[in-house]
Amino acid sequence: MTIRTRFAPSPTGFLHVGGARTALFSYLHARANDGSFILRIEDTDIERSTEASIQAIMDGMNWLGLEWDEGPIFQTDRFPRYAEVIEQLKAEGEAYPCYCSKERLEKLREGQMEAGLKPKYDGKCRDMDPVDTPAGITPVTRFRNPLEGEVEWNDLVRGSITISNDELDDLVIARPDGSPTYNFTVVVDDMDMGISHVIRGDDHINNTPRQINIYRALDAEPPLFGHVPMILGEDGARLSKRHGAVGVTQYRDDGYLPEALLNYLVRLGWSHGDEEIFSIDDMVRLFDIADVNRKPSSFNTEKLNWLNQHWMRSLPAEQVAEALAWQFELLGIDTSTGPALADIVSVQAERVKTLKEMAEQSRMFYEDFEEFDANAAKKNLRPVSREPVEAIRAALEAIEEWTPENLHQAIIDTAETMGLNMGKIAQPLRVAVCGSGVSPSIDKTLWLVGKERCLKRIDMALEFIAKREAAT
RNA sequence: GCUCCCUUCGUCUAGUGGCCAAGGACGCUGCCCUCUCAAGGCGGAAACACGAGUUCGAGUCUCGUAGGGAGCGCCA
C-alpha cells in the first residue's frame, strides 16, 4: 500500500504550534514509510480565507523544513469536481434537496436542546415527494445518512471508536449556491488524492463517522484515521490568541532553531523510550503513529529553551551562525568588522537559551559602549584595581599573537607576578572590556573583542578609576 | 443537555498483569568545580484523580464517580 498523508489547513491565520505538530506527524508518517506528503489548502470559506494566511502557513512550513511532495492544492480550484460528485450522489438517491429555512432549523434546535436532546436535523425533506416542492426557494443539498446501525473505525492513535448512526443527522453538503461544505469536500479530496492515512487534530473525531458514511455512499474505501490530541497553553488552558497561540515564525524571530522546535513538538505526545533528543532524521527513522499519546499536552517554554540550547551547541557552528545573523540584523548590529559569527556561536551557545539572547549579549564584540554598567563598575573598577589593570594592559599590549592561549597565559602570569588570584585580574578586566560583569571566559572574550578594542576600553576603564580616585 | 474522547511527579513522558516500595527529561533544589555568567559532575524533593470489581497479584483489565476536552453549523 502506498502511504499518502496530507496536511490540510484552512487559511484563516498563521501556522501555530498545534497545526505545526499535526503537520509534523503527518509528514513523519509519510517519510517513515516511503510515502508522500501533500499540502492542501481548505479555502472553501471564501469569506475568511486570505492570501496572507496561505503565505504565512507556507512560510512556517518552509522554516521548519516540512517539505510537501504535492501541492499546494486549493479546494477553490476543485469546485467543478465537487459539483459533479454532488450530482452523482443526488442521482443515486444518496443526497436530496432540503427547503427548510434557517429559522425553522433554529427553532428545531432550540426545542431539542430544551427537551434535553442532541440537536439534529429532523429529516423533514428527506422523503419529500417532488410534487410538494415549495416554489421560490433554492434548496441546500443534504446527505442521506443511514438511519440505523453504527460506524466503527480503528483509530491509529485511539483504538476502536464506535458511534451510532442515530447520533448523526443529514448534514448539508452543498449550500443554495451549490458551494460545497467541509465534511463533503474532505472526503472527495482525500478520495481523489488517494490519501491513505488521515492524521489530524482530535477535534475532528466527531466528524469522522459522517465522513465514513459519505465514503460508503461513494463506494470508496475510507482511509485510516489517526486523531492526535491538541496542544494546550502553558497554563493548561486551550491555546488561543490570548494564550500563546503565535505563528511558528514568531519562534524564529525569538531566536529558536527549527531543529529545536521540531524536537520539542515531536516529544509533545510522542515518545521513543526515554530518549529526548531527536534530529529530523532520527524522527523519520523512529516515528510510528501508534506511539502517539491520547492525552492533550501543555506547552512548556522551559523545555523548549533547553532543547534550543542543546541544538545551538550541537549543530555545526557555521549552520547556527546563519540563524544568528538574522538576530543581529533585527538588533541593527553591524557584524562585518568583528569576529566570525561561528566563533560567537561556539563561545556563547552554552550560556544563552536563544539566538536572540546570544546576539544581545554579543553586542560588545562589535560595538563600543559609552559607559560601564554601574553595579559592575562600582564593584570592580576600584582604585585597588588600578595597578592590576595597568599591569595586564601592559602584558596584553606586548602580545604579538592574539590567541586565547597567549591571552590566558598573560593573565596567569600577571596574576602570579602581582601575587593575586586570577579573579582579581579577570573580573576588573572583564568589566573594562565588556562594560559589564558577565561574559564568556575572559581569554576567549579578549580574543574575540580584538587587541585594539581591548586596549582602548582598558584605557577608558583606567580613566574611570582615576576619576574615582580623584573624587575621594 | 446529548454524544464522543481524555486522566502517572509543576510540565513532557516510560510503563501493554509480577522486572515498579513507579524510571527518564525539563524546571526547582543541595553540594562540587569555577575568572563572571553559564555549562558540567554528584545528590534531593516531587506523580499512578477517586471508589468498587476481576486476579494469587493492578499504574497496567472491567465498571462507576469526579474532573478536563471536543463536537452537536448552509465554519473548517
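Quick caveat, the model's predicted, so the values are computed rather than measured. (Residues numbered from 1 in each chain as written. Chains lettered and ligands numbered in written order. Predicted model: local features only at pLDDT ≥ 70, side-chain atom pairs only at ≥ 80, totals over all residues. Heavy atoms only, no water.)

What to know about the overall build of chain A
Going by this rule: The numbering of helices and of strands both runs from the N terminus, where a helix is a DSSP run of H or I of at least 4 residues and a strand a run of E of at least 2. Relative accessibility thresholds used throughout: buried, under 20% of the residue-type maximum; exposed, over 50%; partly exposed, between the two (1.4 Å probe, protein chains only). Two residues form a contact once any of their heavy atoms are found within 4.5 Å. Each accessible area is a Shrake-Rupley result for a 1.4 Å probe, and residues are judged covered by the shown protein chains and nothing else. Counted as positive: Lys and Arg. Counted as negative: Asp and Glu. His and the chain ends are not counted at all. Where a charge sits is defined by one atom per residue type, namely NZ (Lys), CZ (Arg), CG (Asp) or CD (Glu).
Summing up its helical and strand segments, chain A has 19 helices and 12 strands in all. Counting only C-alpha atoms and orienting by the principal axes, one finds that chain A spans roughly 110 × 45 × 40 Å. Burial statistics for chain A: of 472 residues in total, 49% are counted as buried. A fraction of 76% describes how many contacts in chain A between residues 6 or more apart in sequence connect residues 24 or more apart. For chain A, the computed accessible surface area is about 22800 Å², with 48% contributed by carbon and sulfur atoms. Distance between charge centroids for chain A: 5 Å, based on 52 positive and 78 negative side chains.

Some thoughts on the state of the cysteines
What makes a disulfide is a covalent bond joining the sulfur atoms belonging to two cysteines. Applicable threshold: In this description, a disulfide is simply a cysteine sulfur pair whose atoms lie within 2.5 Å.
Counting across every chain of the model gives 0 disulfides. The thiol of C98 is not disulfide-bonded; the next cysteine sulfur, from C100, is found 3.8 Å away. The thiol of C454 is unpaired, and the distance to the nearest cysteine sulfur, on C434, comes to 8.2 Å.

Things to note about the layout of surface pockets
The gaps left among the atoms become clear once a water-sized probe is rolled over them. Keep this limit in mind: A pocket, in this scheme, is an open set of points on a 1 Å grid over the protein atoms alone with protein on both sides within 12 Å along at least 5 of 7 lines, while a cavity is a set where a 1.4 Å probe fits but cannot get out; residues line either one if an atom lies within 4 Å of a point. Grid points are joined across faces, edges and corners, and a volume is the space filled by probe spheres set on the points. In this count, Pro and Cys sit with the nonpolar residues alongside Ala, Val, Leu, Ile, Met, Phe, Trp and Tyr, while Asp, Glu, Lys and Arg are called charged and the others, Gly among them, polar.
A volume near 1300 Å³ is recorded for the largest pocket. Together, 40 residues line the largest pocket, and P9, S10, H16, D203 and H204 are the ones closest to its centre. Broken down by secondary-structure element, the contributors of at least two residues to the lining of the largest pocket are β1 (4-7), α1 (17-32), α5 (182-192) and β9 (197-201). Grouping the amino acids of the lining of the largest pocket by side-chain chemistry returns 15 nonpolar, 14 polar and 11 charged. Considered as a void within the structure, the second largest pocket measures approximately 560 Å³ in volume. Along the walls of the second largest pocket sit 27 residues, with L105, R109, V140, R142 and V172 positioned nearest its centre. For the lining of the second largest pocket, the element with the most residues is helix α4 (residues 102-114), which contributes 5 residues. When the residues that make up the lining of the second largest pocket are grouped by side-chain class, the tally is 14 nonpolar, 3 polar and 10 charged.

Concerning the pattern of salt bridges
Cut-off, in case you're wondering: Salt bridges are counted wherever a side-chain nitrogen of Lys or Arg sits within 4 Å of a carboxyl oxygen of Asp or Glu.
With the rule as written, the count across this model stands at 32 salt bridges. Here D253 makes a salt bridge to R252, at a shortest N to O gap of 3.1 Å. Overall, D253 belongs to the partly exposed group, its relative accessible area being 24%. Here R252 falls in the partly exposed class, since its relative accessible area comes to 29%. Its salt-bridge partner being R363, residue E367 comes within 2.8 Å of it at the nearest N-O pair. Residue E367 is classed as partly exposed on the basis of its relative accessible area, which comes to 26%. Its relative accessible area of 34% is what places R363 among the partly exposed residues. Residues joined in a network through salt bridges with shared partners are R6, R40, E42, R78, R81, E84, D189, D190 and D192.

Interpretation in functional terms is not warranted from these geometric data alone.
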